[in-house]
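Geometric and topological summary
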Amino acid sequence: MSTTDVVAPATTDELVAALARATPMTRLLAGGTDLVNDIRRPGRQTDLLIDLSHMPALSYVRHDGDMLRVGAMTTFTELQADPLVHEHAFCLERAASQVGSAQIRNVATIGGNVANASPCADGATALVALSAEVTTLDGSGHRATRPLRDVLLGSGRTALTDGEAIVEFAFAALGNEHRSAFAKIGWRTAVSVARLSMALVVRFDPVAEVLSEVRVGLGAVGETAFRDAVLEGLLEGRPADEESARILAEGCADAVRRSIPGRYSLPYKERAAVGLAYDAWNALRICPPCEPAWG
Amino acid sequence: MELLLTVNGTVWEVSARPTARLIDVLRDQMGLSGTKEGCGEGECGACTVIVDGKAVNSCVMLAVQALGKEVLTVEGLAASGELDTLQQKFVEQGAVQCGFCTPGMLMSAKALLMANPLPSDQDIRTALAGNLCRCTGYKNIVAAVRAASGQETVAMEVPSEKEELLADLAVPGLAPAKLDEGGE
């Protein structure tokens, strides 16, 4: 413990130099709301702590052509209040607003949320549904971009190598013809870790009245947030009606059944999944509110 | 390692381990024990302080993260020896019982009022959602924050548990449900 060294780079050059020193025992400190307790656990050895909180250049949301670019050190408070996120990534805004408490949102970052790789990370669930790409920087100054789904490997596991820092997320900015939503179920109303979460993105043609480009992100269902391609396929080309809501809910419950067969919480979660899916569907506001027919 | 931290307007030079949390340095090195540690994992908010104008949990923040920033603790609210308006309203409204959550409540409320001088009850409740109090039931705390913002303290438009339950039980087309309260 006492041998931990701390560096707080303020520029990209300083960050690269710090990352070049990284070993398997090096940790990147973003907001710290998960990491601080982790590194203080008995037996944890950290040789170098790279504090990213003095890197203002990693905190931004900007429009770049058809893309929205979000710096890794952007906090949830910032995401929640950002007009570009509101307009072009509504599900991310809703997810950000439901992370922890005001105190947590003020420091916790989207980059930390993904790198920490909790299966229930709200930010990751929204970014998965937005088909986000991740750009990283390493100790040789090399930048690499890959799909988020290739970075999230499992609970607490990512494809990030030692000394590889997430610097940016990018995804296609949603336009007027798109709708997105995020819904979550936790132990209590606020300040709660998701027990189930869903981010939905659809393109809705108001003339043809059909859904396309359907993307369904599920959190706290599997080892990591993921998109359910089968469910997306079932909804593609369908009208925005009660039957579509039912298909979404049934698919969500199916995903839960597949992910935790036999678990004590399954009877609760498969029912909760139905309610969650209807919450997310209704938040899209593309048809009159629907309710599940509880059988 | 040596750290220079600005707390309540004063620059402190302290010696701390690199993994020392902000709350450890505040309480143990600076003697600012008004900041309380409850859960130690960012759930209860008793450790809330303000860093650069924003409420944060000092139990899940390292002291090094506060370098170059302005930290305000509950001691900073009454630095001149006189209670801050917010503290005064907590006293007047009976928003304190055991008092353990109070410093954190005050700092979350202070951060809210610094950013939003005329918050709605919903704003207040959102700002205080990360501060747990097991004594007061929150009502007087919300009233105190509202009073500190200079707004009249009126009965809040928050449905009671009974009203929420009845709304849940409502079936379209049927007469509203009634609760049988055992004739009490």
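The written sequence of each chain sets the order in which its residues are numbered from 1. Written order decides the labels, with chains lettered from A and ligands numbered from 1. Restriction of local features to residues with pLDDT of at least 70 applies here, the model being predicted, together with a cutoff of 80 or more for giving and counting side-chain atom pairs; totals for whole chains, interfaces and linings are based on all residues.

It is the C-beta atoms, placed from the backbone, that decide contacts: two residues are in contact if theirs lie within 7 Å. If you look at the interface, chain B gives 25 residues, while chain A gives 25 residues. Each helix is a run of DSSP H or I of at least 4 residues and each strand a run of E of at least 2, with the numbering of both proceeding from the N terminus. The biggest single contributor to the side of chain B that touches chain A is strand β4 (residues 54-57) of chain B, with four residues. All amino acids are sorted into three groups, where Ala, Val, Leu, Ile, Met, Phe, Trp, Tyr, Cys and Pro are nonpolar, Asp, Glu, Lys and Arg are charged, and the leftover types, Gly among them, are polar. Residue composition of the side of chain B that touches chain A, grouped by class: 11 nonpolar, nine polar and five charged.

Before going further, it helps to examine the sheet that holds strand β2 (residues 26-29) of chain A. Residue and element names in this part refer to chain A. Criterion used throughout: strands pair if DSSP finds at least two bridges between them. Here we have three strands laid out as an open sheet, ordered β1-β3-β2, and parallel in their pairing. Both outer strands of the open sheet, β1 (5-7) and β2, are each paired with one neighbouring strand and no more. Averaged over all pairs of adjacent strands, the angle between strand axes in this sheet comes to 20°, irrespective of strand direction. Pairing geometry for β1 and strand β3 (residues 48-51), over three bridges, is parallel. Looking across to β3, one finds that Val-6 is bridged to Leu-49. Between N-to-C directions, angles span 0 to 180 degrees; the directions come from axes that are lines fitted to C-alpha atoms, helices contributing only their stretch in contact.

Bringing the confidence of the model for chain B into the picture now. On average, residues of chain B score 90 in pLDDT, and 87% of them are at 70 or above. In the model output, the complex is listed with pTM 0.91 alongside ipTM 0.92. The pLDDT value expresses, per residue, how confident the predictor is, ranging between 0 and 100.

All names here are of chain A. Just so you know, the domain bounds were taken from an automatic or database domain assignment. Split into domains, chain A comes out as domain 1 (5-51), domain 2 (59-172) and domain 3 (178-284). Between domain 2 and domain 3, the contact holds 24 residues from the first and 22 residues from the second. Secondary structure elements with two or more residues in the side of domain 2 that touches domain 3: α5 (90-97), α8 (122-129) and β8 (152-154). The element best represented in the side of domain 2 that touches domain 3 is α8, accounting for six residues. Class assignment for the residues of the side of domain 2 that touches domain 3 results in 15 nonpolar, seven polar and two charged.

This paragraph deals with helix α1 (residues 22-29) of chain B. All names here are of chain B. Listing the buried residues of α1 in full gives Leu-22, Ile-23, Val-25 and Leu-26. Those residues of α1 hidden inside the fold are in contact with β1 (2-7) and β2 (10-15). Just downstream of α1 lies Gly-31, where phi reads positive at about 70°. Here a residue counts as buried when 20 or more other C-beta atoms sit within 10 Å of its C-beta, as exposed when there are 12 or fewer, and as partly exposed otherwise, the C-beta atoms being derived from the backbone.

Here the focus is unusual backbone geometry. A positive phi is found at Glu-209 of chain A, a non-glycine position, where the angle reads about 55°. Locating Glu-209 of chain A in the fold gives a position in the loop between β12 (194-205) and β13 (210-219). Here Glu-209 of chain A falls in the partly exposed class, since 13 other C-beta atoms lie within 10 Å of it. In this model, Asp-52 of chain B sits at a positive phi of 50°, which is unusual for a non-glycine residue. Within the secondary structure, Asp-52 of chain B is located in the loop between β3 (48-51) and β4. Judged by C-beta crowding, with 12 C-beta atoms within 10 Å, Asp-52 of chain B ranks as exposed.

On to the nonpolar core, then. Judged by nonpolar contacts, the single largest core of 147 residues is most densely connected at Cys-91, Leu-200, Cys-252 and Ala-277 of chain A. In contact with Cys-91 of chain A, not counting residues within four places along its chain, are Ala-126, Ala-129, Leu-130, Ser-180, Ala-181, Phe-182, Ala-199, Leu-200 and Val-201 of chain A. The term nonpolar core refers to a group of buried residues, namely Ala, Val, Leu, Ile, Met, Phe, Trp, Tyr and Cys, whose C-beta atoms join them within 7 Å.

Right, let's get into the sheet that holds strand β7 (residues 143-147) of chain A. All names here are of chain A. On the basis of which strands lie adjacent, the open sheet formed by five strands has the order β4-β5-β10-β6-β7 and antiparallel pairing. The sheet terminates laterally at β4 (61-64) and β7, the two strands that pair on one side only. Each strand of the sheet is rotated relative to its neighbour by a mean of 25°, with strand direction disregarded. In this structure, strand β6 (residues 133-138) lies alongside strand β10 (residues 164-172), joined through six bridges in antiparallel fashion. Each bridged residue has a counterpart across the sheet, and for Glu-133 the counterpart in β10 is Ala-170.

With that settled, consider the environment of Ala-22 of chain A. Residues and elements named next belong to chain A. With respect to the secondary-structure elements, Ala-22 resides in the loop between α1 (12-20) and β2. Once the C-alpha coordinates of Ala-22 and Asp-162 are considered, the two residues, 140 residues apart in sequence, prove to be 6.1 Å apart. Discounting residues that sit within four places of it in the chain, Ala-22 has contacts with Leu-48, Gly-139, Asp-162 and Gly-163.

Here we take up the pairing of β2 of chain B. All names here are of chain B. Of all six residues making up β2, only zero are buried, and the element is barely covered by its neighbours. Bridge analysis of β1 against β2 gives six bridges, and the strand direction is antiparallel. Bridge assignment links Glu-2 to a residue of β2, and that residue is Ser-15. Counted between consecutive antiparallel strands, the loop separating β1 from β2 contains two residues, among which Asn-8 sits at a positive phi close to 50°.

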